[in-house]
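Letter by letter, the chains look like this.
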Amino acid sequence: MSAVSYKIGLVGKPSVGKSSFFNAATMNDVPEGAYPFTTIDPSVGEAYVRTACAAPEFGEECAPNVGYCADGERFVPVKLVDVAGLVPGAHEGRGLGNQFLTDLNEADVLVHVVDFSGKTDAEGEATEGHDPREDIDFLESELDQWYLEILRKGIERYRKTHFEDVELAEELAEQMNAFGTTPDEIERVIRRLDLELDPETWDDADELALARTIRERTKPMVIAANKLDTPEGREHYEEITADPAYEDATIVPASAHAEKALKRAAEAGVVEYTPGADDFDVVADASDEQAAGLERIREFVAAFGGTGVQAALEVALFEELGLKAIFTGDASLDWTHGPFPDVFLLPGHATTRDFAYYIHTDIGDGFLHGIDCRSKRQLGRDTVLEHNAVVEVVTTN
Ligand SMILES: Nc1nc2c(ncn2[C@@H]2O[C@H](COP(=O)(O)OP(=O)(O)OP(=O)(O)O)[C@@H](O)[C@H]2O)c(=O)[nH]1
Ligand SMILES: [Mg+2]
């Protein structure tokens, strides 16, 4: 059984820590370096998002088909992509521009890794006192420019064809097809911006506003405020989270280094650590140096509720993209292959019948109704399921 696998793209200028974040999340070994463009080809790896495991509520121990369970949390696999660094002018093909945009296109949601220590400049070279706000603005406007170019191609095509009765929204949606936009959505955005359904009446600012709004809706984004293990990082974090200009941004405090250090120490048997947790236990002797390092990390995870690596992925998927996790259940707890084998990630609007189709086409085709395994109540085909629901699907076969 395999359902849709969601893809999270790690983006940002060079040297912000994308590969470090990627390695910390996936425990892969992609090269990291204090020089720009360490990464050229994107790497795809498996990371996890956590959701409370349903099994303990039912007095059972789960047997996951994919992912794993630790400390009562189910770790559900997702794809993580470590994308090449983005430099100003990428939409015109600078740096690894075009390659970058192609990779980015495949991501459902983005984690923008930002170096909050301010020690790398716009091109990823070492510096002091760089304002991370510039990087946040730069990435967004770079993406906007890219969307704008494609939107303009659509407008151009519409101009050439609109005597043939082609609908504007349809032409634009087709041009922006790669971003997964529908004509309806495009039309709604045009109306919400109070624009007429006639591009001849739009000026440059209108076109940019349209491109930006489509971008915001099709590429939700979380900012991972990385390198917060540095004093400068913390200062910038305080300043930027208090800046009204950034109150709409979703900013997750993070240290890729802390996450990796904890996972390494766990592998070496020095600590017991569940990824995402806000504490850990030291279970073996450590050198003075290692012990001091671990105590610094302990302060960090206590102050920020974890290293932020898990949190950034989860905020991206559950909050920005609005997904929910649904367990396949058995109301009579009569499991054929072990309890609670599967949990699927579904769009927020998914119904009982959508869930059946997620499990398998045959199950969708034979769908009768669902059962909420907690309340034992029947769930109709159009019932929108709740996050963390446990659902048995009853079918004709
Ligand atoms: N202090 C601190 N440094 C970090 C952290 N994460 C990454 N770094 C350092 O930042 C530098 C760049 O890290 P990479 O992971 O290679 O950055 P990247 O964004 O993948 O860079 P490119 O592949 O060149 O685009 C390295 O020297 C890392 O050790 C962190 O959480 N804290
Ligand atoms: Mg890299």
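Anything mentioned here points back to the structure above.
First, a word on scope: everything that follows refers to the structure included in this document. Note that this is a predicted model, so its numbers are computed, not measured. (Residues numbered from 1 in each chain as written. Chains lettered and ligands numbered in written order. Predicted model: local features only at pLDDT ≥ 70, side-chain atom pairs only at ≥ 80, totals over all residues. Heavy atoms only, no water.)

## Focus: the overall build of the chain
Looking only at helices and strands, the chain features 12 helices and 14 strands. Taking 21 Å as the expected radius of gyration for a compact globule of 397 residues, we find that the chain reaches 23 Å, a close match to that expectation. Taking the principal axes of its C-alpha atoms as reference, the chain extends roughly 70 × 65 × 35 Å. The 397 residues of the chain split such that 51% are buried. (Helix = DSSP H or I, 4+ residues; strand = E, 2+ residues; numbered from the N terminus. Rg over C-alpha atoms; globule rule 2.2 N^0.38 Å. Buried < 20%, exposed > 50% of the residue type's maximum accessible area, 1.4 Å probe, protein only.)

## Remarks on the pairing of strand β5 (residues 109–115)
With seven of its seven residues buried, β5 lies for the most part within the structure. Of the two faces of β5, the one lined by Val-109, Val-111, Val-113 and Asp-115 and the one lined by Leu-110, His-112 and Val-114 are each fully buried. Looking at chain direction, strand β1 (residues 7–11) and β5 are connected through four bridges and run parallel. Opposite Ile-8, over in β5, you have Val-109 as the bridge partner. (Pairing = 2+ DSSP bridges.)

## Observations concerning the packing of aromatic side chains
Any pair of aromatic rings gets described here by the distance separating the centres and the angle formed by the planes. The tally for this structure, following the rule as stated, stands at 10 aromatic pairs. Between Phe-116 and Tyr-237 the ring centres are 6.5 Å apart and the planes differ by 55°, which places this aromatic pair in the tilted class. One end of the pair, Phe-116, is in the loop between β5 and α3 (132–161); the other, Tyr-237, is in helix α7 (residues 231–241), and 121 residues separate them in sequence. The pair formed by Phe-116 and Tyr-237 is uniform in burial state, with each residue classed as buried. Residues Tyr-237 and Phe-304 carry aromatic rings whose centres are separated by 5.8 Å and whose planes lie at 80° to one another, so their mutual orientation is edge-to-face. Taken together, the positions of Tyr-237 in helix α7 and Phe-304 in helix α9 (residues 288–304) put the pair 67 residues apart, joining distant regions of the chain. (Phe/Tyr/Trp six-rings, centres within 6.5 Å; stacked < 30°, edge-to-face > 60°.)

## What about the pattern of salt bridges?
One pass over the full model with this rule turns up 24 salt bridges. The partner of Glu-232 in a salt bridge is Lys-119, and the shortest N-O contact between them spans 3.5 Å. Of this pair, Glu-232 sits in helix α7 while Lys-119 sits in the loop between β5 and α3; the two residues are 113 residues apart in sequence, bridging distant segments of the chain. Lys-119 sits in the partly exposed class, given a relative accessible area of 30%. With its nearest N and O atoms 2.7 Å apart, the salt bridge here joins Asp-144 to Arg-215. A residue pair is termed long-range when its members are at least 10 positions apart, and Asp-144 in helix α3 and Arg-215 in helix α6 (residues 204–218) qualify at 71 residues. Judged on exposure class, the residue Asp-144 and its partner Arg-215 are both buried. What you see here is one network of salt bridges that share partners, running through Glu-140, Asp-144, Arg-212, Arg-215 and Glu-216. (Salt bridge = Lys/Arg side-chain N within 4 Å of Asp/Glu carboxyl O.)

## A few points about unusual backbone geometry
Residues other than glycine seldom take positive phi values, yet Ser-15 does so here, at roughly 70°. With respect to the helices and strands, the residue Ser-15 is situated in the loop between β1 and α1 (18–26). With phi around 55°, Asp-71 is a residue other than glycine that occupies positive phi space. Structurally, Asp-71 is set in the loop between β3 (68–70) and β4 (73–82).

## Considering the packing of helix α5 (residues 183–192) against α6
Where α5 meets α6, the axes come as close as 10 Å, and the angle between the chain directions of the two elements is 130°. Compared by their axis directions, α5 and α6 come out oblique. Judged by the sense of rotation from one axis to the other, the crossing of α5 with α6 is right-handed. Two secondary-structure elements touch here, α5 through Ile-186, Arg-188, Val-189, Ile-190 and Arg-192 and α6 through Leu-210, Thr-213, Ile-214 and Arg-217. For the contact of α5 with α6, the residue count by class is five nonpolar, one polar and three charged. (Axes fitted to C-alpha atoms, helices over the stretch in contact; angles between N-to-C directions. Parallel < 35°, antiparallel > 145°, perpendicular 65-115°, else oblique. Left-handed = near helix turned anticlockwise from the far one by under 90°. Contact = heavy atoms within 4.5 Å. Nonpolar A, V, L, I, M, F, W, Y, C, P; charged D, E, K, R; others polar.)

## Side note on the side chain of Asp-135
Position of Asp-135 among the secondary structure elements: in helix α3. Polar side-chain contacts of Asp-135 include one of 2.8 Å to the side chain of His-130. Not counting residues within four places of it along the chain, the set of residues in contact with Asp-135 comprises Lys-13, His-112, Val-114 and His-130. (Polar contact = N/O pair within 3.5 Å; in protein donor to acceptor, adjacent residues only side chain to side chain.)

## So, the sheet that holds strand β11 (residues 343–346)
The strands making up a sheet associate through backbone hydrogen bonding, with each pair oriented either parallel or antiparallel. If you trace the five strands from one edge of the open sheet to the other, you get β11-β10-β14-β12-β13, paired in mixed fashion. A single partner strand is all that each edge strand has here, and the edge strands are β11 and β13 (377–379). Each strand of the sheet is rotated relative to its neighbour by a mean of 40°, with strand direction disregarded.

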